[in-house]
Each structure stands twice: as structure tokens, then as C-alpha cells.
Protein chains: 2
Amino acid sequence: MGIGIDLGGSAIKGGIVDNWGVIQEERNKKTRTHMGYDQVLDDLGLLIKELHQLSPEETVVGIGIPGILSPDGGTIVSCPNLNWKNQPLKKDLETRLGLEVRLVNDATAACIAEAAFGSTRGKKNSVMLTLGTGVGGGMIINDRVIFGAHGVASEVGHMIMEENFYNCNCGKNGCLETFASATALIRYCQKQLDDGMDSTLRSMNSFDGREIFGAAKAGDALALAAVNRLARYLGWAIANINDLIDPEVFTIGGGLSGAGDFLLGKIIAETKSRLTYPAYAIPEIVLARFRNEAGMIGAAHLSRFI
Amino acid sequence: MGIGIDLGGSAIKGGIVDNWGVIQEERNKKTRTHMGYDQVLDDLGLLIKELHQLSPEETVVGIGIPGILSPDGGTIVSCPNLNWKNQPLKKDLETRLGLEVRLVNDATAACIAEAAFGSTRGKKNSVMLTLGTGVGGGMIINDRVIFGAHGVASEVGHMIMEENFYNCNCGKNGCLETFASATALIRYCQKQLDDGMDSTLRSMNSFDGREIFGAAKAGDALALAAVNRLARYLGWAIANINDLIDPEVFTIGGGLSGAGDFLLGKIIAETKSRLTYPAYAIPEIVLARFRNEAGMIGAAHLSRFI
């Protein structure tokens with residue numbers, strides 16, 4: 001059993017997760033970001049206490065956060081979705097709770113959930129890519145999460161691919177996530193519409209990643225071009241990561257992974273054409289098992305891979 | 001003390017290396033590649049026996065090889081410089097010698113030499129790039145070498161950057177080593193000369209990487225453009241590797257690293273302009289300490305990082 005929290009920009013989700021990866025109890029509340037750090041800290045503390053009363057034998061709580069941690073894992077260096085900078089969340093929560101608090105990046109939590117109970121279970125070396133608003137990543141090598149010397153390893157979304165028509169939120173140009181996220185899909189389609197391309201998307205006031213995938217599956221030429229472009233950059237990035245890490249398996253998670261085999265097949269084809277040793281070093285590429293619950297499940301079982 | 005061998009395409013170099021990284025005894029012979037695997041095996045066996053007689057208490061010998069090993073580290077899957085494919089070198093040598101034989105890629109051996117005694121000593125996470133005929137790499141994370149699931153991790157030279165005017169030996173187009181090796185420098189200069197560009201290099205029948213650096217330092221515009229191009233791609237690749245691995249330090253070795261601070265300064269500048277977290281996650285970038293002896297020294301002390 002473990003207590004795991006997924007601290008997101010819109011919701012705080014907490015669960016008691018058993019040793020088979022099943023959420024036995026779940027408690028959620030809205031993240032009151034606009035009320036500042038202390039309010040969110042209060043809300044988080046109350047939610048954890050509630051879960052701990054249900055499972056009082058637990059001495060540790062794991063929390064996945066949508067941002068960057070200090071190398072010692074104690075301080076949130078930067079968390080744009082919560083407008084937090086340099087917040088000592090571990091110490092602040094431990095003081096309130098009398099429990100040990102372990103923080104990780106949310107993509108790392110998802111990577112752990114997959115390795116413990118999901119699509120990469122039993123593999124010693126795995127790389128996860130989460131495709132959502134941005135592109136996140138997690139890496140497990142020899143059954144241990146890679147955090148990096150400054151706590152910012154596995155930032156796959158910011159690998160520079162080539163020049164793009166808009167800048168990344170990080171300030172750079174050409175980051176993978178400007179080619180391969182939901183945001184990237186939407187901006188690419190919007191730009192092509194602005195340039196006069198015909199598409200069923202034109203009749204919609206706005207569209208999200210899921211709707212672009214829907215249009216692509218229905219044969220819309222613009223939506224299909226956008227999806228193919230995303231898959232091409234993902235295949236390129238995965239082949240490059242493979243040159244460095246050579247894992248048994250890559251797993252694709254996040255909201256866009258809901259597009260299923262339609263997306264996966266394209267990513268696999270684009271990766272294979274760029275592998276350095278296609279005869280004897282071919283990674284598996286699979287869809288993640290968990291979606292919204294990944295952060296909670298991984299956070300509850302961090303100790304397995306840390 | 002340790003016995004380390006650097007098996008190269010032109011020479012077999014063996015050394016007894018003390019616990020401070022100093023080569024106490026060295027024995028070299030030409031690699032008789034043209035006479036086939038069995039002859040090289042004989043020569044290698046004799047050289048190791050000779051060294052072992054000088055240091056009979058050793059029970060292990062480490063060998064750096066210029067190629068790809070099987071995941072179990074026992075078989076040379078591919079070694080283009082020696083025209084070897086699928087040779088069970090570990091077993092063949094152990095049968096002859098009665099010693100334990102450990103094989104590693106030569107860039108990994110160099111990476112270990114630097115981590116044990118050289119430029120990255122004391123750092124738990126380091127990445128090495130060797131700039132020679134090609135571009136090789138080695139990675140140490142949490143004091144352990146990363147080999148990968150198929151034994152081909154840290155192949156930094158084959159990360160695809162962008163389209164290039166000639167294909168890589170591996171069959172792909174756009175590999176880092178076609179932009180950032182001695183071969184890349186020479187081919188780029190040759191192409192610019194063919195296209196009519198003026199340069200002091202034109203008066204030479206042929207030129208190598210060292211001579212291109214010499215011309216660049218002397219102010220030759222073409223040579224300088226070639227060196228700046230190489231540094232730009234290296235900085236780009238290092239920033240991307242940094243996004244994944246986030247090591248304390250990158251070290252630059254191989255023949256081209258002889259260009260010293262002239263090259264290093266350019267690589268550092270090109271890397272810094274592409275870092276994702278330039279405010280708090282800046283890797284050190286340094287020149288390797290060892291050059292030709294790196295393979296031997298690292299091979300003699302593999303066990304420290306395996």
C-alpha cells in the first residue's frame with residue numbers, strides 16, 4: 001500500500017494505492033492556485049491527513065508535481081502551472097504532517113506507475129514520453145529513476161529538433177514539444193487554416209488535440225498532415241533518445257496517447273526508419289496503460305524505483 | 001593495478017596501469033587486421049600474457065574495442081575497423097588465458113579513464129564525447145557506466161541533427177558525426193573548395209582535422225567556418241543530451257580535442273545558448289585529460305564503474 005498525490009494545476013488528486021496498482025480510496029479537490037502557496041499547502045495537507053486516517057500505518061507520502069525540483073528533491077524550483085518558484089514543499093508538509101514526504105516530477109511518477117504496474121512492467125530500462133499540453137518524460141535505467149545532477153533529467157520535451165514557427169514557453173525555439181504536443185497540433189492546424197488550407201476544422205470555433213485526431217481518422221487532409229508531422233518528430237526524437245539510452249521499451253502516455261494504435265503505428269514507423277542498429281537493437285514502443293491516474297499510482301510507489 | 005588493452009584498427013596497445021592511473025608498463029604491436037580474426041586473437045593473447053607475467057597477481061584483463069558488443073558484453077557484434085562480425089572474443093581469450101576478460105566499447109573505456117583519474121574525477125554523472133574520425137560517446141550515471149538494453153547506449157555520434165550533404169557510414173543521413181568529426185571537417189572544407197571558396201587549404205594536396213584547426217586559428221575564413229559549424233552542432237547535441245541526462249560534466253576527448261581552449265570556448269558558448277534551464281542547471285564542459293592512452297587506462301580500471 002502507498003499514499004500517492006498528483007498535484008496538478010487544476011486538481012489535487014490523492015489515492016491509497018495497493019500493491020497491485022489499484023486505487024482503493026481516492027480523494028480529489030480543486031487546486032486553488034489563485035489563493036496562493038499557503039492555501040494550496042493547507043488543502044494538500046488536509047487531503048493527505050484524510051487519506052492517512054484511512055491507512056494510518058503509512059509513514060511516507062509521494063507527490064507528483066508539474067514542475068522542476070531541486071537536486072535534493074525538497075524544493076519546488078519552478079512550477080509554472082501553480083505560479084510557484086522556490087517553495088520548500090517537502091519541509092513545509094513534513095512539519096504539518098509528521099510523515100516523510102517525497103516529491104517527484106509528474107512525468108517521472110507516471111513513468112514509475114508504468115514500470116511498477118503497467119506497460120513497462122518487468123523491464124529494467126524504460127523511457128516514458130507524456131504527450132499533453134507539453135511533452136514530458138521519465139527514464140528508468142537499471143530499475144532506478146534518473147533524476148540528473150540538477151534534478152532536471154528526462155526533459156525530452158525541450159530537445160531542440162529544428163526551427164519552428166513559434167517559440168516554446170521555455171524561451172527556446174525548436175523544442176520537441178512545439179512539434180509533438182496537443183498545443184503543437186492546435187497551433188499547426190490554426191496556422192495552416194490562417195494560410196488558407198481547406199479543412200473540416202475550419203467550421204469549428206476552436207478544437208483540441210482529441211478533435212484533431214478525430215478529424216485525421218475521418219480523413220481530413222490538414223488534420224492528417226498535423227498528426228503525421230507530430231509522429232515524424234516523435235519518431236526522430238525517440239530514435240535519438242534510443243542512441244543515448246538504448247532502453248528495452250519506450251512508452252507513450254499523456255492525453256494524446258488516447259489516439260491509440262492510430263498514433264502508435266505512425267510513431268513506430270517513424271522511429272524504425274531512423275534507428276542506428278535496426279538489425280539488433282530495436283526498442284519496443286508501446287502505449288501507456290494509465291492515463292489520469294498515473295501520477296497518483298506512481299507517487300504512491302516511488303520507493304520501488306528510487 | 002590493472003591490465004588494460006586498447007584494441008584499435010591500427011595498433012594493439014596494452015598497459016599495466018597503477019591505482020593512480022599511471023601506465024607502469026606498456027607493450028604495443030601492429031594490428032594485423034588483414035590476416036583475420038585468428039591472427040589478431042593470437043597476437044592479442046600473446047601481448048596479454050606478456051603483461052600478465054609482469055603482474056601475475058591480476059585475474060582480470062579489460063579490453064576497449066572500436067565497435068559494438070552484445071548485451072552480455074561477450075561477443076563483438078560489429079567492429080568495422082577490424083572487419084569483425086559476431087566474434088566471441090571474451091570466450092576465445094578466456095579459454096587461452098585462464099583470466100577473466102571484460103570487453104567494453106573504446107569510448108566507454110575513455111569515459112572511465114576520465115572518471116577514475118582525469119577530467120571528470122569525483123563526478124557521479126558524466127558524459128564523454130570523443131571527436132576523431134567519428135564521434136563516440138560514453139556515459140556514467142550514479143557512478144555506473146550505462147550500457148543499454150542491447151549494449152549500444154551512448155552512441156551520441158548517430159543522433160540525427162538535420163539533413164547533411166553526405167550520408168553517414170551507418171547508412172543514415174544527418175548523424176552528429178557527419179557534422180562534428182574530423183571526417184566532417186575535411187568533407188565540409190573539401191566541398192566548399194569544390195564550390196570555389198577561397199582558402200589557404202587550397203594549396204594543400206590533402207589536409208586533416210589538425211591542419212584545418214591550424215588554418216582556423218591563423219584566420220582562414222573557410223577553416224574558421226568549418227570549425228564554427230562543428231562547434232555549433234556539438235553545442236546543440238550537448239544541450240539535447242543535457243536535457244535527457246543532466247550530468248555534472250561533459251568532457252570532450254579524441255584527436256580533435258587537441259585543439260584545446262580554441263575549440264572548447266566555442267562549444268561552451270554554443271551549448272549555453274541552447275540550455276533549457278540556464279539559470280540553475282548548467283553542466284561543466286571540459287577537455288579530456290587523456291588522449292591516446294585513455295583506452296588502456298580505462299580498460300585497466302573498468303571495475304570501478306561497472
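Residues numbered from 1 in each chain as written. Chains lettered and ligands numbered in written order. Predicted model: local features only at pLDDT ≥ 70, side-chain atom pairs only at ≥ 80, totals over all residues. Heavy atoms only, no water.

Peer 1: Is there a simple way to think about the domain arrangement of chain A in this case?
Peer 2: Quite often, the size of an interface is put as the accessible area lost when its parts meet. Residue and element names in this part refer to chain A. If you check the domain split of chain A, you get domain 1 (2-105) and domain 2 (119-287). Inter-centroid distance (C-alpha atoms) of domain 1 to domain 2 is 28 Å. Taken together, the contact between domain 1 and domain 2 spans five residues of the former and seven residues of the latter. Between domain 1 and domain 2 lies a buried interface of about 370 Å² when both sides are counted; carbon and sulfur atoms form 60% of it. Counting every contact that joins domain 1 to domain 2 gives zero salt bridges. Our count for the domain 1 to domain 2 interface comes out at zero residue pairs in polar contact (both at pLDDT 80 or more). Those elements that provide at least two residues to the side of domain 1 that touches domain 2 are strand S5 (68-69) and strand S8 (100-105). Residues belonging to the side of domain 1 that touches domain 2 are distributed by class as follows: four nonpolar, one polar and no charged. (Domains from an automatic or database assignment. Contact = heavy atoms within 4.5 Å. Buried area = accessible area lost by both parts, 1.4 Å probe. Salt bridge = Lys/Arg side-chain N within 4 Å of Asp/Glu carboxyl O. Polar contact = N/O pair within 3.5 Å; in protein donor to acceptor, adjacent residues only side chain to side chain. Helix = DSSP H or I, 4+ residues; strand = E, 2+ residues; numbered from the N terminus. Nonpolar A, V, L, I, M, F, W, Y, C, P; charged D, E, K, R; others polar.)

Peer 1: What is the right way to look at the packing of helix H1 (residues 37-54) of chain B against helix H2 (residues 89-97) of chain B in this model?
Peer 2: For any two helices packed against each other, the geometry is given by the interaxial angle and the distance between the axes. Residues and elements named next belong to chain B. Packing of H1 against H2 leaves a shortest axis separation of 10 Å and a crossing angle of 50 degrees. In this view, H1 runs oblique relative to H2, as classed from their interaxial angle. H1 and H2 meet at a crossing whose hand is right-handed. Facing H1, whose interface residues are Tyr-37, Leu-41, Asp-42, Leu-44, Gly-45, Ile-48 and Lys-49, H2 presents Leu-89, Asp-92, Leu-93, Arg-96 and Leu-97. Residues of the contact of H1 with H2, tallied by class, amount to seven nonpolar, one polar and four charged. (Axes fitted to C-alpha atoms, helices over the stretch in contact; angles between N-to-C directions. Parallel < 35°, antiparallel > 145°, perpendicular 65-115°, else oblique. Left-handed = near helix turned anticlockwise from the far one by under 90°.)

Peer 1: When you look at the sheet that holds strand S10 (residues 135-141) of chain A in this model, what are you seeing that I'm missing?
Peer 2: Strand pairing in a sheet relies on backbone hydrogen bonds, with the paired strands running either antiparallel or parallel. Residue and element names in this part refer to chain A. Overall, mixed pairing links the five strands, which are arranged S11-S10-S9-S12-S13 in an open sheet. Taken across any chain shown, the strands that pair with only one partner, and hence form the sheet edges, are strand S11 (144-145) and strand S13 (284-287). Direction of pairing for strand S9 (residues 126-131) relative to S10: antiparallel, over a ladder of six bridges. Considered in S10, the bridge of Leu-131 is made with Val-135. Across the face of the sheet, helix H3 (residues 106-117) comes into contact with S9, S10, S11 and strand S12 (249-253) while running at roughly 50 degrees to S10. Packed on one face of the sheet, helix H8 (residues 261-272) meets S9, S12 and S13 and runs near 160 degrees to S13. (Pairing = 2+ DSSP bridges.)

Peer 1: For this particular structure, what's the right way to read the packing of aromatic side chains?
Peer 2: How two aromatic rings sit relative to each other is set out by the distance from centre to centre and by the angle between their planes. This model, assessed by the stated rule, comprises 12 aromatic pairs over all chains. Measuring from ring centre to ring centre gives 5.4 Å for Tyr-277 of chain A and Tyr-280 of chain A, while their planes differ by 25 degrees; the resulting arrangement is stacked. Each residue in the set Phe-179, Tyr-233 and Trp-236 of chain A is aromatic and connected to the rest through ring pairs, giving one cluster. Geometry around Tyr-166 of chain B places Arg-187 of chain B over its ring, the cationic atom sitting 4.0 Å from the centre. The ring of Phe-262 of chain B has Lys-266 of chain B sitting right over it, with the charged end atom 5.0 Å from the ring centre. (Phe/Tyr/Trp six-rings, centres within 6.5 Å; stacked < 30°, edge-to-face > 60°. Lys NZ or Arg CZ within 6 Å of the ring centre and 35° of its normal.)

Peer 1: I'm lost on helix H7 (residues 221-245) of chain A in this one. Help?
Peer 2: Each α-helix winds once per 3.6 residues, and so residues spaced three or four apart point in a common direction. All names here are of chain A. Between its first and last C-alpha, H7 extends 35 Å over 25 residues, near the 36 Å set by a 1.5 Å rise per residue. Most of H7 sits out of view: 20 of its 25 residues are buried. The opening residue of H7, the one whose side-chain oxygen lies 3.3 Å from the backbone nitrogen of Leu-222, is Asp-220. Count one or two residues on from H7 and you reach Asp-246, which has phi positive near 50 degrees. (Expected span 1.5 Å × (residues − 1). Buried < 20%, exposed > 50% of the residue type's maximum accessible area, 1.4 Å probe, protein only.)

Peer 1: Can you walk me through the sheet that holds strand S2 (residues 11-17) of chain B in this structure?
Peer 2: Residues and elements named next belong to chain B. The strand order across the open sheet built from five strands is S3-S2-S1-S4-S8, with neighbouring strands paired in mixed fashion. Single-partner strands in this sheet number two, and they are strand S3 (23-30) and strand S8 (100-105). Each adjacent strand pair in this sheet contributes to an overall mean axis angle of 20 degrees, direction not counted. With six bridges joining them, strand S4 (residues 60-65) and S8 adopt parallel strand pairing. For Gly-62, the partnering residue across the bridge sits in S8 and is Arg-102. Helix-sheet contacts for H1 involve strand S1 (2-7), S2, S3 and S4, and the interaxial angle to S3 is about 160 degrees.

Peer 1: Explain the pattern of salt bridges here, please?
Peer 2: Per the stated rule, a full pass over the model turns up 23 salt bridges over all chains. In this structure, Asp-42 of chain B engages Arg-96 of chain B in a salt bridge whose closest nitrogen and oxygen atoms are separated by 2.4 Å. Within this pair, whereas Asp-42 of chain B is found in helix H1, its partner Arg-96 of chain B is found in helix H2, the two being separated by 54 residues in sequence. The class of Arg-96 of chain B is partly exposed, set by a relative accessible area of 36%. Several salt bridges share partner residues, and in doing so they unite Glu-25, Arg-27 and Glu-50 of chain A into one network.

Peer 1: Honestly, helix H3 (residues 106-117) of chain B in this entry has me stumped. Any pointers?
Peer 2: All names here are of chain B. Compared with an ideal rise of 1.5 Å per residue, which puts 12 residues at 16 Å, H3 spans 16 Å between its outermost C-alpha atoms and is within 8% of the ideal. Burial within H3 is extensive, with 11 of its 12 residues counted as buried. All of the buried residues in H3 are Ala-107, Thr-108, Ala-109, Ala-110, Cys-111, Ile-112, Ala-113, Glu-114, Ala-115, Ala-116 and Phe-117. Two or three places before Ala-107, at the opening of H3, Asn-105 has a side-chain oxygen 2.8 Å from that residue's backbone nitrogen.

Peer 1: Would you mind showing me how to read the pairing of S9 of chain A here?
Peer 2: Where a strand is regular, its side chains alternate between the two sheet faces. Residues and elements named next belong to chain A. Burial analysis of S9 places six of its six residues in the buried class, the great majority of the element. The hairpin turn running from S9 into S10, its antiparallel successor, is three residues long. The pairing of S9 with S12 spans five bridges and is classified as parallel. Directly across from Thr-130, in S12, lies its bridge partner Gly-253.

Peer 1: I tried to follow the packing of helix H5 (residues 182-194) of chain A against helix H6 (residues 209-217) of chain A on my own but got confused; where do I start?
Peer 2: Residue and element names in this part refer to chain A. Relative to each other, H5 and H6 sit at 60 degrees, their axes nearing to 9 Å. Crossing of H5 over H6 shows left-handed handedness. The residues of H6 that touch H5, namely those facing Leu-185, Ile-186 and Cys-189, are Gly-209, Ile-212 and Phe-213.

Peer 1: Sorry if this is basic, but what is going on with the interface of chain B and chain A here?
Peer 2: Residue-level contacts link 40 residues of chain B with 40 residues of chain A. Three residues stand out in chain B for area buried against chain A, namely His-150, Leu-244 and Asp-246 of chain B, and they jointly supply 20% of the buried area on that side. Applying the counting criterion to the chain B and chain A interface returns two salt bridges. In this structure, Asp-243 of chain B engages Lys-172 of chain A in a salt bridge whose closest nitrogen and oxygen atoms are separated by 3.6 Å. Applying the counting rule to chain B against chain A returns 26 residue pairs in polar contact (both at pLDDT 80 or more). Secondary-structure elements contributing two or more residues to the side of chain B that touches chain A are strand S6 (76-79), strand S10 (135-141) and helix H7 (221-245) of chain B. Considering each element in turn, the side of chain B that touches chain A owes the most residues, six residues, to H7 of chain B.

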